[in-house]
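# Residue-level structural notes
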Amino acid sequence: MMTREQFIGHVKREQGALMRFLLALCCGNRDDAGDIAQETLIKAYIALDRYDEREHFAAWIRRIAYNTFINHRKKRQREATQPIEQARHITGGQEADSTFVGEELHRALAALPHSERTAIVLHYIEGFKINEITQITGCSEAAVKKQLQRGREELKRRIKR
Amino acid sequence: MINDNQLDNMLRDYNPETGNGRDIIADLERRMDAVDMVKEYQERQMAQLRMRAKIAFAAGMVMGCVLMIIAYLLPSPIEIITVTTGSPVLNGLIENIHYILGSMCIMLMMYGGYEITQAREYMNQKNS
């Protein structure tokens, strides 16, 4: 089993890429991406005894991050249904980072369904192969190919130059 | 609308500022310490449970076997009744001594089994 020090070593190497992945999934929302990253890493540490060392650490951590992102999104959707009076008291960190130059890409990504967004980010930004994406998201190869195709078309349509 | 090349370039060049890595690691290590503390506590609990289960099982087996042997080594119940007592309650008990001792053996063995089941259940809960 991986030791605590080995785990921290892996995290140090992966944290930049993990944050980039989550920032793209969260369409530039740094607060959400940071929260999900922390939750992902601690979940990974708790589940360390179930980590199969034959699997690539980067793919394993992305799978946990993806599942955490989905749970986070569901939680957000539930919160969105609460009365406006309660919603008024929610403060801070809700807007996407407008200073980032890729804001246009974030806006376009935000318009995609999360499955297409995830496939696009994993394949074109993170460089994962289609068979690796199927392991991370649990979708079939045909579904991932379709998500990539649809996602690309939608991004091209939405991004204007 | 942009073309394929422009989109590919845009995605390839996506490299946002990902913040201070040291903060993430420091925060993570703090949380890991808390997790380690809980894990250690659970390990201790597990070790105690395992030990209790082993002792209970061994005690159940030994006691059960000893009682079983004693039950069959005792003289015939009829002889004891005639020699020792005329009390009808005691007579009834002595007449059925094989059954009583046999039941006690089974109860002790069952208790050992129960303790092991409890320990396994706890382990399963912990793993899930």
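Everything quoted here is computed from the prediction, not taken from an experiment.

What follows is about the overall build of chain B. Of the regular secondary structure elements, chain B holds five helices and zero strands. Counting from the amino terminus, chain B carries its helices and strands in the arrangement α-α-α-α-α. Across the 128 residues of chain B, 26% fall into the buried class. Long-range pairs, those at least 24 residues apart, make up 72% of the contacts in chain B between residues at least 6 apart in sequence.

Within chain A, the regular secondary structure consists of eight helices and zero strands. Written out in order from the N terminus, the α and β elements of chain A read α-α-α-α-α-α-α-α. The burial tally for chain A puts 48% of its 161 residues in the buried class. Relative to all contacts within chain A whose residues are 6 or more apart in sequence, the contacts with residues 24 or more apart total 67%. Element-wise, carbon and sulfur atoms account for 48% of the exposed surface of chain A, whose accessible area totals about 8,500 Å².

Okay, the interface of chain B and chain A next. Between chain B and chain A, the residue contacts involve 27 residues of the former and 32 residues of the latter. Of the roughly 3,100 Å² buried between chain B and chain A, counting both surfaces, carbon and sulfur atoms make up 66%. On the surface where chain B and chain A come into contact, there are six salt bridges. Linking B:Glu29 and A:Arg4 is a salt bridge whose minimum nitrogen-to-oxygen distance equals 3.9 Å. Scanning the region where chain B abuts chain A turns up 13 residue pairs in polar contact (both at pLDDT 80 or more). Counting only elements with at least two residues in the side of chain B that touches chain A, the list comes to helix H1 (4-12) and helix H2 (21-73) of chain B. Per-class residue counts for the side of chain B that touches chain A are twelve nonpolar, six polar and nine charged.

This next bit is on the packing of helix H1 (residues 4-25) of chain A against helix H3 (residues 57-80) of chain A. All names here are of chain A. Put simply, H1 and H3 touch, their axes get as near as 10 Å, and they point 45° apart. By the angle between their directions, the pair H1 and H3 is classed as oblique. Considering only the axes of H1 and H3, their crossing is right-handed. Residues Phe 7, His 10, Val 11, Glu 14, Ala 17, Leu 18, Phe 21, Leu 22 and Leu 25 of H1 touch H3, and the partners they reach there are Phe 57, Ala 58, Ile 61, Arg 62, Ala 65, Tyr 66 and Phe 69. Tallied by class, the residues present in the contact of H1 with H3 amount to 13 nonpolar, one polar and two charged.

On to the confidence of the model for chain B. On average, residues of chain B score 77 in pLDDT, and 84% of them reach the 70 mark or higher. Between the elements of chain B, mean pLDDT differs from a low of 54, seen in helix H3 (residues 77-84) of chain B, to a high of 87, seen in H1(B).

Attention now goes to the packing of aromatic side chains. A full pass over the atoms with the stated rule returns five aromatic pairs over all chains. Their ring planes at 75° and their centres at 6.2 Å tell us that A:Phe7 and A:Phe57 sit as a pair that is edge-to-face. With A:Phe7 in helix H1 and A:Phe57 in helix H3, the pair connects residues that are 50 residues apart, well separated along the chain. Accessibility classification places A:Phe7 together with A:Phe57 in one group, the buried group. On the numbers, 5.8 Å between centres and 50° between planes, the contact of A:Phe57 with A:Trp60 is tilted. Placement of both A:Phe57 and A:Trp60 in helix H3 is noted, with a separation of three residues, approximately one turn of the helix. Residue classification places A:Phe57 among the buried positions, given a relative accessible area of 5%. Following the ring pairs from residue to residue traces out a cluster consisting of A:Phe7, A:Tyr45, A:Tyr51, A:Phe57 and A:Trp60. Positioned above the aromatic ring of A:Tyr124, the side-chain terminus of A:Arg152 is 5.0 Å from the ring centre. The cationic tip of B:Lys39 hangs over the ring face of A:Tyr45; the distance from NZ or CZ to the ring centre is 4.8 Å.

What counts and what doesn't
- Residues numbered from 1 in each chain as written.
- Chains lettered and ligands numbered in written order.
- Predicted model: local features only at pLDDT ≥ 70, side-chain atom pairs only at ≥ 80, totals over all residues.
- Heavy atoms only, no water.
- Helix = DSSP H or I, 4+ residues; strand = E, 2+ residues; numbered from the N terminus.
- Buried < 20%, exposed > 50% of the residue type's maximum accessible area, 1.4 Å probe, protein only.
- Contact = heavy atoms within 4.5 Å.
- Areas by Shrake-Rupley, 256 points an atom, 1.4 Å probe, with all protein chains shown as cover.
- Buried area = accessible area lost by both parts, 1.4 Å probe.
- Salt bridge = Lys/Arg side-chain N within 4 Å of Asp/Glu carboxyl O.
- Polar contact = N/O pair within 3.5 Å; in protein donor to acceptor, adjacent residues only side chain to side chain.
- Nonpolar A, V, L, I, M, F, W, Y, C, P; charged D, E, K, R; others polar.
- Axes fitted to C-alpha atoms, helices over the stretch in contact; angles between N-to-C directions.
- Parallel < 35°, antiparallel > 145°, perpendicular 65-115°, else oblique.
- Left-handed = near helix turned anticlockwise from the far one by under 90°.
- pLDDT = per-residue confidence, 0-100.
- Phe/Tyr/Trp six-rings, centres within 6.5 Å; stacked < 30°, edge-to-face > 60°.
- Lys NZ or Arg CZ within 6 Å of the ring centre and 35° of its normal.

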